[in-house]
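# Inside the fold
For reference, the chains in residue letters:
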Amino acid sequence: MLDREVVKGFLEDELEGIEMPENVTREELLGAFCEYVEEDLYEWLKDNFKSFFNHGDPDWNWIRGIIEMQDRS
C-alpha cells in the first residue's frame, strides 16, 4: 500500500544521526516500519471514513463544500 521508495527516503532522512544496531539492516527496518505504518493507516482510514460520512448519515452539503474547496485549489 505504501510507496516503499518514498518511505525509504523518509527513513534515511529521519534516521540521520541515529546509530542503528549492527544486527538490524535498513531493509529489515524498512519492512517492519512499513508494516507498522500500514496497520495504523488502515485504522486511521476507518476512523476518518466514519467521521467524513458522519457515521452512516452523510451530510452531503458539507461534503459538496469540501469538494468545491478542492476544485478551487
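Residues numbered from 1 in each chain as written. Predicted model: local features only at pLDDT ≥ 70, side-chain atom pairs only at ≥ 80, totals over all residues. Heavy atoms only, no water.

Moving on, we get to the overall build of the protein. Within the protein, the regular secondary structure consists of three helices and zero strands. Counting from the amino terminus, the protein carries its helices and strands in the arrangement α-α-α. Here the C-alpha atoms of the protein give a radius of gyration of 18 Å, more than 25% beyond the 11 Å that 2.2 N^0.38 yields for 73 residues. The buried share among the 73 residues of the protein stands at 8%. Total accessible area on the protein stands at roughly 6500 Å², and carbon and sulfur atoms take up 53% of it. Each charge class in the protein can be summarised by its mean position, and for the 7 positive and 20 negative side chains these summaries are 7 Å apart. (Helix = DSSP H or I, 4+ residues; strand = E, 2+ residues; numbered from the N terminus. Rg over C-alpha atoms; globule rule 2.2 N^0.38 Å. Buried < 20%, exposed > 50% of the residue type's maximum accessible area, 1.4 Å probe, protein only. Areas by Shrake-Rupley, 256 points an atom, 1.4 Å probe, with all protein chains shown as cover. Lys, Arg positive; Asp, Glu negative; His and termini not counted. Charge placed at Lys NZ, Arg CZ, Asp CG, Glu CD.)

The next thing to look at is the environment of Lys46. The residue Lys46 is located in helix 2 (residues 26-52) in this model. Note: C-alpha distance between Lys46 and Arg72 (26 residues apart in sequence) is 27 Å.

Attention now moves to the packing of aromatic side chains. Aromatic ring pairs are described here by two measures, namely the spacing of the ring centres and the angle between the planes. On inspection of all chains with the given rule, the structure shows four aromatic pairs. Considering the side-chain rings of Phe49 and Phe53, the 4.6 Å spacing of their centres and the 45 degrees angle between planes classify their relative orientation as tilted. Pairing Phe52 with Trp62 gives two aromatic rings, centres 5.3 Å apart and planes at 65 degrees, and the pair type is edge-to-face. You can see Phe52 sitting in helix 2 and its partner Trp62 sitting in helix 3 (residues 60-72), a full ten residues away along the chain. Site record: aromatic cluster; members linked through ring pairs are Phe49, Phe52, Phe53, Trp60 and Trp62. (Phe/Tyr/Trp six-rings, centres within 6.5 Å; stacked < 30°, edge-to-face > 60°.)

What follows concerns the environment of Glu5. Within the fold, Glu5 resides in helix 1 (residues 4-14). Using a relative accessible area of 57% as the deciding quantity, one classes Glu5 as exposed. Separated by 33 residues in the primary sequence, Glu5 and Glu38 place their C-alpha atoms 15 Å from one another.

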